Each structure stands twice: as structure tokens, then as C-alpha cells.
Amino acid sequence: MQKGADQPIVMSGIRPTGFLHLGNYFGALKNYVRMQDEFTCYFMVADLHALTTLTETKELKANVSRVLAENIACGLDPDKVALYCQSHVYETNELYLILNMLAYVGELEKTVTFKEKVKLHPQNVNAGLLTYPVLQAADILLHRATLVPVGKDQEQHLEMTRNFSNRFNHRYGDVFPEAHAFNYGDELLKVPSLDGAGKMSKSENQYATIYLSDSDELILNKVKKAKTDSGTDPAAPMSESIVNLFNLMKLVCAPDVIKHYEDTYQSGTIRYGDLKKQLGEDMVKFISPIREKAESIRNDAKYLKEIMEKGAEKARKSAQATMLLVRDAIGLNYY
Ligand code: TRP
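Every chain is numbered independently, its residues counted from 1 as its sequence is written. With pLDDT at 70 or above as the cut-off, local features in this predicted model cover only qualifying residues; side-chain atom pairs require 80 or more to be listed or tallied, and sums for whole chains, interfaces and linings still use all residues. With hydrogens and water stripped out, all remaining heavy atoms of the structure feed into the side-chain values.

Trainee: What should I look at first to understand the nonpolar core in this one?
Mentor: Soluble, globular proteins show a tendency: their nonpolar side chains are buried together. Judged by nonpolar contacts, the single largest core of 63 residues is most densely connected at Leu-22, Ile-210, Phe-246, Leu-248, Met-249, Leu-279 and Met-283. Think of it this way: any DSSP run of H or I at least four residues long counts as a helix, any run of E at least two long counts as a strand, and we number them from the N terminus. If you tally residues by element for this core, the top one is helix α13 (residues 272–298), at nine residues. Each domain span listed reflects an automatic or database assignment of domains. A domain split of this core shows at least three residues from each of domain 1 (9–182 + 300–330) and domain 2 (206–295). Residues count as neighbours in contact if any of their non-hydrogen atoms are within 4.5 Å of one another. In this structure Ile-210 touches His-21, Leu-22, Leu-194, Met-200, Ile-219, Lys-222, Val-223, Met-283 and Ile-287, once residues within four positions along its chain are discounted. Residues enter a nonpolar core if they are buried and are Ala, Val, Leu, Ile, Met, Phe, Trp, Tyr or Cys, with the set joined through side-chain atoms within 4.5 Å. Partly exposed describes any residue whose relative accessible area lies between the buried limit of under 20% and the exposed limit of over 50%, with all areas from a 1.4 Å probe on protein chains only and scaled to the type maximum.

Trainee: Any chance you could explain the site of the ligand here in plain terms?
Mentor: One heavy atom within 4 Å of a molecule or strand is enough for the residue carrying it to be called near that molecule or strand. For the ligand, the set of nearby residues contains 14 residues, the closest of which are Arg-15, Tyr-132, Gln-136, Asp-139 and Gln-154. Tyr-132 is positioned such that a nitrogen or oxygen atom in its side chain is 2.8 Å from a nitrogen atom of the ligand. Polar contact is the term for a pair of N or O atoms within 3.5 Å; when the atoms are in protein, one must be able to donate a hydrogen and the other to accept it, and sequence-neighboring residues count only if both atoms are side-chain atoms. In the model, a nitrogen atom of the ligand is placed 3.0 Å from a nitrogen or oxygen of the Gln-154 side chain. Accessible areas in this description were obtained via Shrake-Rupley with a 1.4 Å probe; residue shielding takes into account the shown protein chains only. Contact with the protein chains removes 93% of the 370 Å² of surface that the ligand exposes when unbound. For the shell around the ligand, the secondary structure elements donating two or more residues are β1 (9–14) and α8 (132–141). Ranked by the residues each element gives to the shell around the ligand, the list is headed by α8, at four residues. Classification used: nonpolar for Ala, Val, Leu, Ile, Met, Phe, Trp, Tyr, Cys and Pro, charged for Asp, Glu, Lys and Arg, polar for all others including Gly. Grouping the amino acids of the shell around the ligand by side-chain chemistry returns seven nonpolar, five polar and two charged.

Trainee: Even after reading the chapter, I still don't get empty space enclosed by the protein, so can you show me in this structure?
Mentor: Using a probe with the size of a water molecule, rolled over the atoms, empty space left in the structure can be pinpointed. The method works on a 1 Å grid over the protein atoms by themselves. A cavity is a set of points holding a 1.4 Å probe that cannot get out, a pocket is an open set with protein on both sides within 12 Å along at least five of seven lines, and residues with an atom within 4 Å of a point line them. Grid points are joined across faces, edges and corners, and a volume is the space filled by probe spheres set on the points. Within this structure, the stated rule accounts for two cavities of 30 Å³ or more. Roughly 60 Å³ of internal volume is contained in the largest cavity. Lining the largest cavity are Arg-66, Ala-69, Glu-70, Leu-212, Ser-213, Arg-291, Ala-294, Glu-295 and Arg-298. Where the lining of the largest cavity is concerned, the elements lending two or more residues are α3 (60–73) and α13. Among the elements that line the lining of the largest cavity, the one with the most residues is α13, at four residues.

Trainee: For this particular structure, what's the right way to read a nonpolar patch on the surface?
Mentor: On the surface, a nonpolar cluster with roughly 500 Å² of combined accessible area is contributed by Leu-332, Tyr-334 and Tyr-335. Mapping Leu-332 onto the fold places it in the segment after α14 (301–330). Under the relative-accessibility criterion, Leu-332 is labelled partly exposed at 36%. Within the patch definition used here, like charges are joined within 9 Å and nonpolar side chains (Val, Leu, Ile, Met, Phe, Trp, Tyr) within 5 Å, considering only residues with over 30% relative accessible area and no salt bridge. Think of a salt bridge as a Lys or Arg side-chain nitrogen and an Asp or Glu carboxyl oxygen that are within 4 Å of each other.

Trainee: Please clarify how the layout of surface pockets should be interpreted in this entry.
Mentor: In this structure, the second largest pocket spans a volume of roughly 230 Å³. Surrounding the second largest pocket, Asp-47, Leu-60, Lys-61, Val-64, Ser-65, Cys-85, Ser-87, His-88, Ala-301, Leu-304, Lys-305 and Met-308 form its lining. Where the lining of the second largest pocket is concerned, the elements lending two or more residues are α3 and α14. Tallied by class, the residues present in the lining of the second largest pocket amount to six nonpolar, three polar and three charged.

Trainee: Looking at this model, I keep getting lost on the packing of aromatic side chains. Mind explaining?
Mentor: Any aromatic ring pair is given by two values, namely how distant the centres are and how the planes are angled relative to each other. Geometry of aromatic contacts follows a simple scheme: Phe, Tyr and Trp rings, the Trp one being its six-membered ring, pair when their centres are within 6.5 Å, and the pair is stacked under 30 degrees between planes, edge-to-face over 60, tilted otherwise. Inspection of every chain in the model, using the stated rule, returns 10 aromatic pairs. With centroids separated by 5.5 Å and ring planes inclined at 20 degrees, the aromatic side chains of Phe-26 and Phe-286 adopt a geometry described as stacked. You can see Phe-26 sitting in helix α1 (residues 22–35) and its partner Phe-286 sitting in helix α13, a full 260 residues away along the chain. Phe-286 sits in the partly exposed class, given a relative accessible area of 22%. Aromatic side chains Phe-182 and Tyr-184 sit 5.4 Å apart centroid to centroid with 70 degrees between the ring planes, which places their arrangement in the edge-to-face category.

Trainee: Just checking my understanding: could you explain the pairing of β1 for this structure?
Mentor: Across a regular strand the side chains alternate sides, sitting on one face of the sheet and then on the other. Relative to strand β2 (residues 40–45), β1 runs parallel, the two sharing six bridges. Paired with Ile-14 across the two strands is Val-45, which belongs to β2. Note on handedness: a clockwise path from strand one over the helix to strand two, with the strands aimed away from the viewer, defines a right-handed crossover. Crossover β1 to β2 through α1 is right-handed. By this definition, two strands are paired if DSSP reports at least two bridges between them.

Here's what the structure looks like:
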């Protein structure tokens, strides 16, 4: 599809909190890479959002560099999309402030993510944490984006974004379109964890999650230790840990390899050790080029600076156009 001026606008943010894993890749990044050829895309590293929970910022720079490098290594092209840091686009702060006047304290206090964070950090319940969804709305509305590729946990924030923008439009005049969560159909893949239950995530068991920065040896080891079961009775329902292993194979193994193990499962001759060895090797083949590319980008400070500048420039251009409309609609235009 040819990208044109009237293409829908996609916007999403990635928190710079540590390492990307296989779940991030198949659940988000892979979709971003597809979107960059079909839509006008703004992908942003949410460094200001990170400040709502960080009190120590020594690692911020390294984390921002890593996230940028890993995104590019996964296929995001800084020439096709605006890939930028939130803190570089000052218009975000102005829109955030204006939207704060359209956000009710009561609704902010009821936000699920806020309540979770209050529990997690009772000693640091700051106003930024309370208004986290307002800042997120500013990120999205700044580009008048309509499509926001995010996971389920972000849907409440998007609903709030729609509430704020509808209130704005109602009070001051139509400026913002409605933003909705967007992913390609059912393709929002859940990547199962290696410990037999749930999906891969940052916070859970580190050994059950494969990171894009894991060494070959570590990947092989993690897969080797993945949970299986002792039964090979094909008549019994497949246990969750085995279902998970087959689902992981579908992400990185060739169809004939998968078929081989499905057949041996059916005939009761499957050897899970072999399956895991194959899965580990294919996982290494998949991840090692990404890891190496990310590493070389991360070590190229000049290149990183260039892409950040280029991304910020594109984002500012769109942000400034929106802010002209916002100020006009409100009547903050005295000359
Ligand atoms: N809150 C999002 C998360 O926790 C990150 C984010 C910040 C975001 N700004 C955004 C997502 C704008 C989508 C759009 O993952």
C-alpha cells in the first residue's frame, strides 16, 4: 500500500524500562514493522512516563538507547517512521497541562494501573502517577492519531484518551479524532512462557522469558530447562506446558519441523529433549541476528543521536500543527 497524506495516523509509546523480550517482539514490534509501510507512524520512547516510578535516573540513558536500538534491530526504519523520545517534544507538556483541566481527579483515581502502582510504590504516590493517563493522551492527541497499537492492559488508558478528547471537542470545538486500540485482527500473539503457564513477561520468572539480548548459550539453557511433562500418551489432552512448547515452535521453527514433532507426539514416540534442542537452536537462529544488530547500533552513539534528532523533528512538526489548532480552539490566540 502506498503511504499518502491522508493515511491514518498510528501512534504508540514504549516505556524504557529494561529489556525487550520475545513477547514484546511478537506482541507489538512485529506489528509496528508491518504498520510502517501502511500508515504514518509515530513511535515514541516514553521517558517522561518512566519518571513517574523512577527515582534514580542513572540508567535512563542506557535504557533509552537500548530500546531504540532494539526497535531498529527488529525492523523499525527511522526513515519510514518518526522514532523519537517523548522528552524531546516539548509540545507534549503543553497539551498535557491543557488536558489536565479536562481530566477529573475521581476518574484518575479509579484507573486500574494507578491503583496497581499505588500498591507497588506506596511511598511514592506522586501526582504524575495519578495523571499518567493524561500524559499518554497528550502523546496520542498531539499527532491526532486514530490507531494505537497497544495490548489489553492499555485499553482503559485509551478509553480515557477518548473521554478527554471528546470533552475538549465539546468544550472548544472539533480538533481531535477518536483514538482506538489497533492490532491486525487476532494476530496479537501471546507468547507463552517457558515455565508451563502464562505468557512471557518482564516481571515474571526471568528464566521463563527469552530476551532479545540473551546470549546464544543462555537461550539454549532456558529452552532446555523449559517445563515438559512425563506423559507421552497421545490420547490424553496435551498439557499446558507442551501446548506452550508447540506454540513457541510455531514462532521460530519451519513447518516440516513442527509437523515432525506433532507426528511423533501422536504416535507416542516424542522425545521432549530433542524437541527442546531443536526449539533452542531455532530460537538462537532467530534472536542472534537481532541481538547483534542491536548491539552494534547501541555502540554507535553518533547514529543514535542522528535518529533521535530526525525523529524529534518529525514529531515536532506534527505536534506544532496540532497545538496551533488547540490554542486557536481555546482562544489562546491574542495576536
Ligand atoms: N503507557 C504505555 C505502556 O505502559 C506506554 C505509552 C506511553 C503509550 N505513551 C503512549 C502507549 C501512547 C500508547 C500511546 O506501555
